[in-house]
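Chain by chain, the residues:
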Amino acid sequence: MGRRFRPELQTQIPMLKNPSSKYRPFPLVQIPDRQWPSRALTQAPIWCSVDLRDGNQALAVPMNVSQKLELFQALVKCGFKEIEVGFPSASNTEFAFNRRLIEENRIPEDVTIQVLVQSREELIERTVQSLVGAKKVIIHLYNSTSPAQRRVVFGMSKDEIIQVAVRGARWIKDRVPRLRGTEVMFQYSPESFSMTEVEFAKDISEAVMDVWQPTTERRMILNLPDTVEVAMPNVYADQIEWMCRNVRNRESLIVSLHTHNDRGTGVAATELGMLAGADRVEGTLFGNGERTGNLDVVTVALNLYMHGINPGLDFGDLNQLREIYERCTGMTVPARQSYAGELVFTAFSGSHQDAIKKGLAEWAKGAREFWDVPYLAIDPADIGREYREVIRVNSQSGKGGVAYLLESEFGIQIPKDMQREFGPIANDEVDRLGREVSAAELKAMFWREYVERAFPWEIEGFETESRNGVVRCRARLLCEGKPLELAGEGNGPLAALVHAMTGGGLSRFEITNYSEHALGSGEAATAIAYIQVRHGDGRTRWGAGVDTNIEMASVKAVLSALNRG
Ligand code: KIV
Ligand code: ZN
């Protein structure tokens, strides 16, 4: 009995209690002596960007020629030597793009453009026309090979599917003489390779090889796509190792990976596929591509980099690359995207912030040979991202993050002990706001809490004179708005002020902590002083004062502490 589609029930049908009644486990590849699990990656693969083809075809609004040109240039700048520029037989825009690249001499000598084509003679003809005059090209032929595609889409037997590929390979080969002066390489993809029986993938690939006759000197690319990711990455790795070990004349092939990300493991599948013997990797910037996307090349390249392997691609200005990508494709890079996302070098939690701060300080001292900063997989600076981005503050943050931001953004070096007092004050305020706060907002909080405290005590004037090691001060103060003049002596201006105030009737207090530093430099430089006072009853309070005169900044800091109760 056929299954009936009942749209009215669509929203009510729950997930199946027994999914095995609808879905099957993926069959394993019989390869008991698999080698890839005990290998390690030691070098970068050959990279091929498919941004302008696979990435482009997945956009709701595909890129126009000028957007493709801009992205092409950015890809070249990253160091891609193979770039699939499009599907020239698919539309006039795609064809025109190829022509602009070639006729305007926009392809560097060491860059090969790649074009995709189906196994249809008229499409192959147009594709070849689009390449006339190019220096180096890869013509990429594909046809679908999985059981579902053979059955549902083509209604063809295995032999008939092989004949589709063979015909395409011949049509291409026959036309190569027309591309005089062009270095031509062939590429074949059994599309849906990972859903295809490995034995059949081998048969069809070898049939294409029989036409193209690759040699070790003139290799062809055999691209083995994970068109729809349907199994775990280890299964894909097994499929790749099986192909590498069983396909005839392996040395005449460049085995290439092309993973998508339906199960969210496209990167892992590629990495394991590389272990399994592949030489080449196709993918896109930030993983743009059909459905859940293509492989994110940036991630795989930087994963190699973080293990000390030169990826051969330069992502030294990842922010700029992301901007170009977003402008050209209209896509946005998610905040949590590996390496490129806005938040990936950001720690909100206090303990993380503290550890990062200590790790960065240790690194800055040059005490360690290898990068080993807690919570930071790589040095953000290596990819053009800033340390400043590392710490942001929300209600989960601790005093460490607050102090780091104030210091890195404004040079405010709050003493450790004072951080313990201000941290919770800032935290309560951030919690009340219920959002992340900027460094400027934190500074405003600090100013409100300490520097701008002007009640009940305010300073109007402070003069000192020193004789025989004794400092005498005259302080003109306002107490709850009423003028008051006090005088006192001590071994320094602050001691004199304390004596003046306690002698003037204020209950006993002493200064237990003091530090100061300049804020900024040049003529307009001001100083900030931090002072902790201890009252007669044991209470301690911090205060801060800012002034162009360091003595005045200290006096203000004392009053700030007293004003805080
Ligand atoms: O995903 C895929 O299989 C493809 C092929 C055309 C290589 O994009
Ligand atoms: Zn693809």
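### Some remarks on the overall build of the protein
Each helix and strand counted, the protein has 17 helices and 14 strands in total. Principal-axis analysis of the C-alpha atoms places the extent of the protein at approximately 105 × 60 × 50 Å. A total of 565 residues make up the protein; the buried ones form 50% of that total. Within the protein, counting contacts between residues at least 6 apart in sequence, those at least 24 apart form 66% of the total. Accessible surface for the protein amounts to roughly 27200 Å². Of this, 49% is attributable to carbon and sulfur atoms. When the 66 positive and 74 negative side-chain charges of the protein are each reduced to one mean point, those points stand 4 Å apart.

### Description of the site of ligand 1
Neighbouring ligand 1 are Arg53, Asp54, Leu116, His140, Tyr142, Ser189, Glu191, Asn223, Pro225, Thr227, His258 and His260. Note that an oxygen atom of ligand 1 is positioned 3.1 Å from one of the side-chain N or O atoms of Asp54. Residue Thr227 places a side-chain N or O atom 2.5 Å away from an oxygen atom belonging to ligand 1. Protein burial of ligand 1: of its 260 Å² of free accessible surface, 95% is covered by the chains. Broken down by secondary-structure element, the contributors of at least two residues to the shell around ligand 1 are α1 (51-57), β4 (136-144), β5 (183-191) and β6 (220-226). Tallied by class, the residues present in the shell around ligand 1 amount to three nonpolar, six polar and three charged.

### Thoughts on the packing of aromatic side chains
Each pair of aromatic rings is reported with the distance of its centres and the angle of its planes. Tallied over the entire structure, the rule returns 10 aromatic pairs. Here Phe193 and Tyr236 contribute two aromatic rings whose centre-to-centre distance is 6.5 Å and whose plane-to-plane angle is 75°, an arrangement assigned as edge-to-face. With Phe193 in the loop between β5 and α7 (198-212) and Tyr236 in helix α8 (residues 233-246), the pair connects residues that are 43 residues apart, well separated along the chain. Across the pair, exposure class does not vary: Phe193 and Tyr236 are buried alike. Measuring from centroid to centroid gives 5.9 Å for Phe422 and Tyr450, while their planes differ by 65°, and the two rings are edge-to-face. Linking Phe422 in helix α14 (residues 416-433) with Tyr450 in helix α15 (residues 439-451), this pair joins segments that are 28 residues apart in sequence.

### Looking at the coordination of the zinc ion (ligand 2)
Six octahedral donors around a metal ideally subtend angles of 90 or 180 degrees, whereas four tetrahedral donors ideally subtend 109.5 degrees. Within the first shell, the zinc ion (ligand 2) binds the protein through Asp54 (OD), His258 (NE2) and His260 (NE2), at distances of 2.0 to 2.1 Å. All donors to the zinc ion (ligand 2) come from one chain, and their sequence spacing reads D-x203-H-x1-H. Placement of the pair is Asp54 in helix α1 and His258 in strand β7 (residues 253-259), with a sequence separation of 204 residues.

### What to know about the pattern of salt bridges
Overall, the coordinates contain 41 salt bridges when judged by the stated rule. Of the charged contacts, one joins Arg291 and Asp262 as a salt bridge, the two residues approaching to 2.7 Å between their closest N and O atoms. Residue Arg291 is located in the loop between β8 (280-283) and α10 (297-305), and its partner Asp262 is located in the loop between β7 and α9 (266-275); the two are separated by 29 residues in the primary sequence. In this structure, Arg435 and Glu441 form a salt bridge, with 2.7 Å as the shortest nitrogen-oxygen distance.

### Focus on the state of the cysteines
Here the structure, examined in full by the defined rule, presents zero disulfides. Among the cysteines around Cys78, which has no disulfide bond, Cys328 carries the closest sulfur, lying 12 Å off. Of all cysteine sulfurs, the one in Cys479 lies closest to Cys473, which takes part in no disulfide; the gap is 16 Å. On the accessibility criterion, Cys473 (2% relative accessible area) is buried.

### Observations concerning the domain arrangement of the protein
When cut into domains, the protein gives domain 1 (43-329), domain 2 (350-429) and domain 3 (457-563). Taking the mean C-alpha position of each, domain 1 and domain 3 sit 72 Å from one another.

### Quick word on the sheet that holds strand β14 (residues 540-547)
Strand order in the open sheet formed by three strands is β12-β13-β14, with antiparallel pairing between adjacent strands. Two strands in the sheet have a free side with no partner beyond their single neighbour: β12 (509-519) and β14. Between one strand and the next, the sheet's axes are offset by a mean angle of 15°, whatever the strand orientation. Bridging between β12 and strand β13 (residues 526-535) involves 10 bridges; their strand directions are antiparallel. Directly across from His517, in β13, lies its bridge partner Ile528.

### Examining the nonpolar core
The biggest cluster of nonpolar side chains holds 102 residues, and the ones touching the most others in it are Ile113, Trp212, Leu285, Phe315 and Leu318. For this core, the leading source of residues is α7, giving nine residues. A domain split of this core shows at least three residues from each of domain 1 (43-329) and domain 2 (350-429). Residues Cys473, Val498, Ile531 and Val558 belong to the second largest nonpolar core, which totals 25 residues.

### With respect to the sheet that holds strand β9 (residues 457-467)
Spatially, three strands are ordered β9-β10-β11 in an open sheet, and the strand pairing comes out antiparallel. Of all strands in the sheet, those with a lone pairing partner are β9 and β11 (482-490), marking the two edges. Neighbour to neighbour, the strand axes of the sheet diverge by 15° on average, direction disregarded. Both strand β10 (residues 470-479) and β11 contribute to a ladder of nine bridges, which runs antiparallel. Note that in β11 the partner of Arg474 across the bridge is Ala487. Strands in contact with helix α17 (residues 550-563) are β9 and β10; relative to β9, the strand with the most contacts, it is inclined by about 135°.

### A short note on the packing of helix α3 (residues 92-103) against helix α4 (residues 121-131)
In the contact formed by α3 and α4, the axes pass within 8 Å of each other and the chain directions differ by 30°. Relative to α4, α3 is oriented roughly parallel. When α3 is examined against α4, the residues Asn92, Phe95, Asn98, Arg99 and Ile102 are found in contact with a partner set consisting of Arg126, Gln129, Ser130 and Leu131.

Basis of the calculations
- Residues numbered from 1 in each chain as written.
- Chains lettered and ligands numbered in written order.
- Predicted model: local features only at pLDDT ≥ 70, side-chain atom pairs only at ≥ 80, totals over all residues.
- Heavy atoms only, no water.
- Helix = DSSP H or I, 4+ residues; strand = E, 2+ residues; numbered from the N terminus.
- Buried < 20%, exposed > 50% of the residue type's maximum accessible area, 1.4 Å probe, protein only.
- Contact = heavy atoms within 4.5 Å.
- Areas by Shrake-Rupley, 256 points an atom, 1.4 Å probe, with all protein chains shown as cover.
- Lys, Arg positive; Asp, Glu negative; His and termini not counted.
- Charge placed at Lys NZ, Arg CZ, Asp CG, Glu CD.
- Near = heavy atom within 4 Å.
- Polar contact = N/O pair within 3.5 Å; in protein donor to acceptor, adjacent residues only side chain to side chain.
- Nonpolar A, V, L, I, M, F, W, Y, C, P; charged D, E, K, R; others polar.
- Phe/Tyr/Trp six-rings, centres within 6.5 Å; stacked < 30°, edge-to-face > 60°.
- Donors = N, O, S within 2.8 Å, 3.2 Å for Na, K, Ca; no water.
- Salt bridge = Lys/Arg side-chain N within 4 Å of Asp/Glu carboxyl O.
- Disulfide = S-S within 2.5 Å.
- Domains from an automatic or database assignment.
- Pairing = 2+ DSSP bridges.
- Axes fitted to C-alpha atoms, helices over the stretch in contact; angles between N-to-C directions.
- Core = buried A, V, L, I, M, F, W, Y, C linked by side-chain atoms within 4.5 Å.
- Parallel < 35°, antiparallel > 145°, perpendicular 65-115°, else oblique.

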